[in-house]
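# Report on the structure
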Amino acid sequence: LFLGNGPSGICLSYLLSGYIPYFKRDSLHPHPILQRKLEEAPDVSIVDQDLEYLSEGLEGRSHSPVALLFDTLQRPDTDFGGTAESVLTWWHETDRAIPHLVLGRNAPGGAWHSIEGSMITLSRGEWMGLPDLPFKDWLKQKRRGLRNNRATAEDIAQYYQHYVMKKGLQKNFRCGTVVTSVKKVSAESISNQAQKELQENSDSLWNLNGKSTEVFQVDGFFKTVKGDKEPFSVYAENVVLATGTYDSPTWLGVKGENLSYVHHKLSALEEAVKNNSIGIMSDPVLIVGSGLTAADAILFAHHSNIPVIHVFRRRVSDPGLIFNQLPKMMYPEYHKVHQMMKEQSAACAGPYECYVSLPEHHVLSFSKDKKCIFQDKNGYQKVYKISMALVLTGSNPNLSFLPNNGIDLAVDGDQPVSPKRNPIDVDPFTYECTQEKGLYALGPLAGDNFVRFVQGGALAVASSLLKKANKNPP
């Protein structure tokens, strides 16, 4: 049972539907040591090989060895601008399929359906693709090219839905579901009917005859077409958490942050512009944050001629600032925002109208009359009158359906789960939670924040579940 139907969940569903990757004969991988290892057992599928051995010595933009392995098998020299074809070939081995359900709130694609459709992705378009259906081939069918090698969020959302249909995975997906609780229960305590159903649907995956004494009970509700909530309860021996991190925007925790003009989603600005509730003559919009969502908001306001005050805690030259890590050529629009941040501070007027940057400042409070108080690094305070505020400082996963919000599963068991600072602690080659056997975590929850790297986690989980189900060939 997977919770979450974004790219992680879709990729895992593909692997568990009996689609098995093998090294393509006669293909040549640019990494000579990996090539030699792949040639050692060409008839053994990748999921059945020792993932730790194959991924040893690989380097790249992810901390996960399996993520790097699966990425380099699908896109061998992509980091060097190459376009070498995947060295994998996919076989559909139906006898190795494992019955599973993928539960998600939205259509397949997860949070990609909640992002403004015209937004350009940070990653190159081909990095957004899933196994055995290159994204650029799908775009060609739509008679569209990639702008600057990048794709829009709407393209991505449509591609993920298309992928599920094209690969015949839709029977495993249940959309419009909200999970409210996941807990371990003893196999004896569940009704005979539920035990019978588990074994009938299991195809040897569930071993309730004494081997496994505990199963997970997953409760929640379906949203019907009429808008009613229909409760459900499902039992599974293995549960995969793939719910991403888009759920709960981070709050600053300052006075007045709950006032109606203070928002935590970019969509609020888009709505306000659409409804003409703010415009060129309005008081400035306050944007708080120095990440890419804040930059998207600045670009949107800039194109709509809306004045902006931009507040962020870091120095403009801070190497940890995402803009200092992006190549200028590939990301011209983010480079422009970075330039505005540098040149247009409140201290000196720069070339950009309608934009003021306040680096190394933080918000102290919001008042009912739409005034906001900031403080700089020296303790000096400033007051600005604004029309609306957007606090865009990141988001956190919502794991309220887990005991203690999933904190016990994290690397630091005293702090909330955070994709960048405190992910769920998983085994790097199976992605099974170290604190809870049978529970797996994928994607941002396990610290993999890019679509191209979440797929290695799916490979690791599939390999682990196939071993458990004894569906591995000798």
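Residues numbered from 1 in each chain as written. Predicted model: local features only at pLDDT ≥ 70, side-chain atom pairs only at ≥ 80, totals over all residues. Heavy atoms only, no water.

We count it as follows: UniProt positions are given in the numbering used here, feature names are shortened, and annotations may be inferred rather than shown by experiment.
For the protein chain, the name recorded in an unreviewed UniProt entry is Oxidative stress-induced growth inhibitor 1, with Psophia crepitans as its organism. Heading Cofactor (unreviewed entry) of the UniProt record for the protein chain holds this comment: "NADPH". You can read under Sequence similarities (unreviewed entry) in the UniProt record for the protein chain the words "Belongs to the OKL38 family."

### Quick notes on the pattern of salt bridges
So the rule is basically this: The salt bridge definition used is simple: a Lys or Arg side-chain nitrogen within 4 Å of an Asp or Glu carboxyl oxygen. What counts as a helix is a DSSP run of H or I of at least four residues, what counts as a strand is a run of E of at least two, and both are numbered from the N terminus. For every residue, the accessible area obtained with a 1.4 Å probe (protein chains only) is divided by the maximum for its type, and the residue is called buried under 20%, exposed over 50%, and partly exposed between those limits.
Within this structure, the stated rule accounts for 14 salt bridges. We note a salt bridge from Arg-75 to Asp-71, for which the minimum N-O separation is 3.1 Å. Residues Lys-377 and Glu-360 are paired through a salt bridge, measuring 3.6 Å at the closest nitrogen-oxygen approach. Here Glu-360 lies in the loop between β16 (355–359) and β17 (361–366) and Lys-377 lies in the loop between β18 (371–376) and β19 (381–385), a separation of 17 residues in the sequence. Take Glu-360: its relative accessible area is 25%, and that puts it in the partly exposed class. Because the salt bridges share partners, they merge into one network encompassing Asp-48, Glu-93 and Arg-96.

### Here's the deal with the side chain of His-100
The criterion, for reference: The contact criterion used throughout is that any non-hydrogen atoms of two residues lie within 4.5 Å.
Relative to the helices and strands, His-100 is located in the loop between β3 (88–92) and β4 (102–104). Residue class for His-100 comes out buried when judged on its relative accessible area of 10%. The residues touching His-100, leaving out its near neighbours within four places in the chain, are Phe-2, Ser-13, Leu-16, Ser-17 and Asn-172.

### Observations concerning the nonpolar core
In plain terms, the rule: Definition used in this section: a nonpolar core is a set of buried Ala, Val, Leu, Ile, Met, Phe, Trp, Tyr and Cys residues joined via side-chain atoms within 4.5 Å.
Leu-3, Leu-12, Val-239, Leu-241 and Ile-424 are the most contacted members of the largest nonpolar core, which totals 81 residues. Of the residues forming this core, the biggest block, nine residues, is contributed by helix α11 (residues 451–468). Excluding anything up to four places from it in sequence, Ile-424 contacts Leu-241, Leu-399, Leu-409, Ala-410, Val-411, Val-417, Cys-433, Ala-441, Leu-445 and Ala-446. Core analysis: the next-biggest nonpolar cluster, separate from the first, contains 31 residues, Ala-268, Ile-298, Met-341 and Leu-392 among them.

### A short note on the environment of Pro-21
With respect to the helices and strands, the residue Pro-21 is situated in strand β2 (residues 19–23). Given the relative accessible area of 0%, Pro-21 is considered buried. Between the C-alpha atom of Pro-21 and that of Pro-131, which follows or precedes it by 110 residues, the distance is 9.2 Å. For Pro-21, the contacting residues outside a window of four places in its chain are Leu-15, Ser-45, Ile-46, Val-47, Leu-88, Thr-89, Trp-90 and Leu-459.

### Focus on the side chain of Asp-219
Note on placement: Asp-219 falls in strand β9 (residues 214–223). The residues contacting Asp-219, other than those within four sequence positions of it, are Val-179, Thr-180, Ser-181, Lys-183, Phe-232 and Ser-233.

### Observations regarding the sheet that holds strand β20 (residues 388–391)
Counted only if it meets this: Note: two strands are recorded as paired if DSSP finds a minimum of 2 bridges between them. In this analysis an axis means a line fitted to C-alpha atoms, helices contributing only their contacting stretch, and an angle means the value between N-to-C directions, from 0 to 180 degrees.
The five strands are arranged β13-β20-β14-β15-β16 in an open sheet whose pairing can be described as parallel. Looking along the sheet, the strands with just one partner apiece sit at the ends: β13 (262–263) and β16. Sheet topology places strand β14 (residues 285–288) next to strand β15 (residues 308–312); four bridges connect them, and they run parallel. Along β15, the bridge assignment pairs Val-285 with Val-308. Here helix α8 (residues 267–274) sits on the sheet in contact with β13, β14 and β20, set at roughly 155 degrees to β20. Strand contacts of helix α10 (residues 332–343): β15 and β16, with the helix running at about 75 degrees to β16, the strand carrying the most contacts.

### Comments concerning the packing of helix α1 (residues 7–16) against α11
Keep this limit in mind: Oblique is the label for any angle not covered by the other classes, which are roughly parallel (under 35 degrees), roughly antiparallel (over 145) and roughly perpendicular (65 to 115). By convention, the crossing between two helices is left-handed when the near helix turns anticlockwise from the far helix through less than a right angle, and right-handed when the turn is clockwise. Three categories are distinguished: nonpolar for Ala, Val, Leu, Ile, Met, Phe, Trp, Tyr, Cys and Pro, charged for Asp, Glu, Lys and Arg, and polar for the others, with Gly belonging to the last.
Closest axis-to-axis distance for the α1/α11 pair is 8 Å, and the angle between their directions is 40 degrees. In terms of orientation, α1 and α11 fall into the oblique class. Crossing of α1 over α11 shows right-handed handedness. Contacts between α1 and α11 involve Pro-7, Ser-8, Cys-11, Leu-12, Leu-15 and Leu-16 from the former and Val-451, Val-454, Gln-455, Ala-458, Leu-459, Val-461, Ala-462 and Leu-465 from the latter. Partitioned by chemical class, the residues of the contact of α1 with α11 number 12 nonpolar, two polar and no charged.

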